[in-house]
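The chain contents come next:
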2 protein chains.
Amino acid sequence: MPSTPLPDDTPAAEAQAPAAPAFSPLYQQIKGLILQSLEAGEWKPGEAIPSEIDLAARFRVSQGTVRKAIDELAAENLLVRRQGKGTFVATHAEQHVQYRFLKLVPDTGDRETADPAERNILECRRVRAPAEVARTLRLRPGDAVVQVRRVLAFAGEPTILEDLWLPGTAFKGLTAEQMAGYQGATYAMFELEFGVRMVRAEEKLRAVAADPGQARLLAVPAGSPLLSVERLAFTYNDVPMELRRGLYRTDKRHYRNELS
Amino acid sequence: MPSTPLPDDTPAAEAQAPAAPAFSPLYQQIKGLILQSLEAGEWKPGEAIPSEIDLAARFRVSQGTVRKAIDELAAENLLVRRQGKGTFVATHAEQHVQYRFLKLVPDTGDRETADPAERNILECRRVRAPAEVARTLRLRPGDAVVQVRRVLAFAGEPTILEDLWLPGTAFKGLTAEQMAGYQGATYAMFELEFGVRMVRAEEKLRAVAADPGQARLLAVPAGSPLLSVERLAFTYNDVPMELRRGLYRTDKRHYRNELS
DNA sequence: GAGTGGTCTAGACCACGCG
DNA sequence: GCGTGGTCTAGACCACTCA
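The text that follows walks through the structure, step by step, so that each part is easy to find.

What counts and how
Residue positions are given per chain, counted from 1 along the sequence in the order it is written. Written order decides the labels, with chains lettered from A and ligands numbered from 1. Note on the predicted model: pLDDT of at least 70 is required for a residue's local features to be given, and 80 or more for side-chain atom pairs to be given and counted; whole-chain, interface and lining totals, by contrast, use all residues. In computing side-chain properties, one takes all heavy atoms of the structure into account and sets aside hydrogens as well as water. Should DSSP find at least two bridges between two strands, the strands are regarded as paired. Going along the chain from the N terminus, every DSSP run of H or I of four or more residues is numbered as a helix, and every run of E of two or more is numbered as a strand. Only Phe, Tyr and Trp rings take part, Trp by its six-membered ring, and two of them pair if their centres are within 6.5 Å. Stacked means planes under 30 degrees apart, edge-to-face means over 60, and tilted covers everything else. For every residue, the accessible area (1.4 Å probe, protein chains only) is compared with the maximum for its type, and the residue is labelled buried under 20%, exposed over 50%, or partly exposed between those bounds. Should the NZ of a Lys or the CZ of an Arg lie within 6 Å of a ring centre and within 35 degrees of the ring normal, that charge is described as sitting over the ring. The convention used is that axes are lines fitted to C-alpha atoms, helices contributing only their stretch in contact, and that angles between N-to-C directions extend from 0 to 180 degrees. Residue contacts follow a heavy-atom distance rule, with two residues in contact if any of their heavy atoms lie within 4.5 Å.

## Focus on the pairing of strand β1 (residues 79-82) of chain B
Residues and elements named next belong to chain B.
- By the bridge criterion, four bridges tie β1 to strand β2 (residues 86-89) in an arrangement that is antiparallel. Residue pairing in the sheet places Leu79 in a bridge with Val89 of β2.
- In this structure, the hairpin formed by β1 and β2 is closed by a connection of three residues, where Gly84 is found at a positive phi of approximately 85°.

Set out below in structure tokens:
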């Protein structure tokens, strides 16, 4: 029975490519099917997915196999297990997950507690994507993108100046008001207002010197060293959905990273 | 039987704290026992540990339980599974794992291929630990440490200037020649020459301006922005064993990070 | 107490590496 | 062909949550 095509709810649909002998474990196939349901929106962020037993029955495999599939999805932060309650679709839109990808922390007392940033939207408009941005987001050059420029201040001090570029089609109608609401939880807003869930991101870091305009916005002398952080965030299936170019002041904070 | 104290080879040794009812899964206890053997050096880096079946017999549990323990240790990069061959103690001392923790990559063509760095040891001496270094490495102020200062050059260009501090007792007798040998594989050298295996690390990143001395060593104008990377590396049991303060040129390379 | 995830077991079979 | 890790199953029991 194992490693044969999987019966779903509708065992009639046997879409098999006969010329692909590639072996793949059953639990990987299950993982793929769950992923499909996730992408298709069968279960929305925050909702519970069916219990392991239900899924096992649906896919006609043992509970242990479903378990292993869910384990991997949980390890990738796509699902969240809660003992006694169920397994839930991960979401940025609840609790205090704020600053999902932000690794800038105060030098003193690693506490990331509270310290709610003030956000100042400088710009939020629809533009034609510059060539490089288009390429990075896998759009055609000249496609519409939403560009946002903002400054985040911590403890009253401007600390981060960043530009965001978002694909125009997925983020049609994004307003400065929306960006300003949802304090701190930008990715939660993307989820709730546009149904776009970011799953992972890649960052490129550099040290750069502040040009006069940047220096003014961050209240530092021109030429000051700043940490440049270029982030590409992806939804399901490694589709890039956000490009961010940030400049961080690192005089009172630092970028913290764990290696293993 | 589960969740009762574990019989080891010598079931006589029942070192139980009766006042600690803390529940911990069997596989976690097994993981702890394997970890102890690892720390004690029962199996050296690169060697195979006993097969799952052997370990199951030794600890009097099922193979599945051992499996889960090993799974976690493999996920933490302490063990490496190789189907058909066995499970091995992870090591820096073999193959081409070079630059274990270095995340600086060329801007063009993400290939990290070859590009062997030239290393230039500027200094390698035994000193009394400065207060801050001592605190970070959990030594007493004034304890001996080995301090190394070096410049790494890629493609002929000086790119990284870094200082290393290593606890004097564990690294007694470290010479500049040893640092210069083992091209690129510093952590491999630590393993082979001193039996110290680094397991994980934490980094703090900042943008700073080059002072005149640093600028000269890195062949950039004074005041140029540099990426400051402070790394604390740990052996087993979260014991800090190396402090590194590096300055990276990021004009042709960048620090690459993955977030999830 | 019913339902959910979490642990543990025992046994079967598969894929891989190597002699 | 043997031994290793890798997958899959089926069933038992435990811990947690909530009505």
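## Digging into the packing of aromatic side chains
- Under the defined criterion, the tally for this structure stands at eight aromatic pairs over all chains.
- Between Tyr187(A) and Phe190(A) the ring centres are 5.7 Å apart and the planes differ by 80°, which places this aromatic pair in the edge-to-face class. Of this pair, Tyr187(A) and Phe190(A) both sit in helix α6 (residues 186-194), three residues apart, roughly one helical turn. Both residues of the pair, Tyr187(A) and Phe190(A), belong to the buried class.
- Geometrically, the ring pair formed by Phe101(B) and Tyr187(B) is edge-to-face, given 5.5 Å between the ring centres and 75° between the ring planes. Placement of the pair is Phe101(B) in the loop between β2 and β3 (104-106) and Tyr187(B) in helix α6 (residues 186-194), with a sequence separation of 86 residues.
- Exposure remark for Phe101(B): the relative accessible area of 3% places this residue in the buried category.
- Relative accessible area serves as the criterion here: at 6%, Tyr187(B) is assigned to the buried category.
- Linked through ring pairs, Phe101(A), Phe171(A), Tyr187(A), Phe190(A) and Phe194(A) together constitute an aromatic cluster.
- The lysine or arginine in question, Arg200(A), covers the ring of Phe234(A), its NZ or CZ lying 4.3 Å from the ring centre.

## Points about the sheet that holds strand β9 (residues 240-248) of chain A
- What the eight strands build is an open sheet, ordered β4(A)-β5(A)-β6(A)-β9(A)-β8(A)-β7(A)-β10(B)-β3(B); its pairing is antiparallel. Strand pairing shows two members of the sheet lacking a second neighbour, β4 (118-128) of chain A together with β3 of chain B, which therefore form its edges. Taking each pair of neighbouring strands and ignoring which way they run, the sheet shows an average axis angle of 25°.
- Strand direction decides the pairing type here: strand β7 (residues 200-209) of chain A and strand β10 (residues 253-259) of chain B, joined by five bridges, are antiparallel. Its bridge partner lying in β10(B), Ala201(A) is registered against Leu259(B).
- The strands touched by α6(A) are β5 (144-154), β6 (157-167), β8 (225-234) and β9 of chain A; relative to β9(A), the strand with the most contacts, the crossing angle is about 160°.

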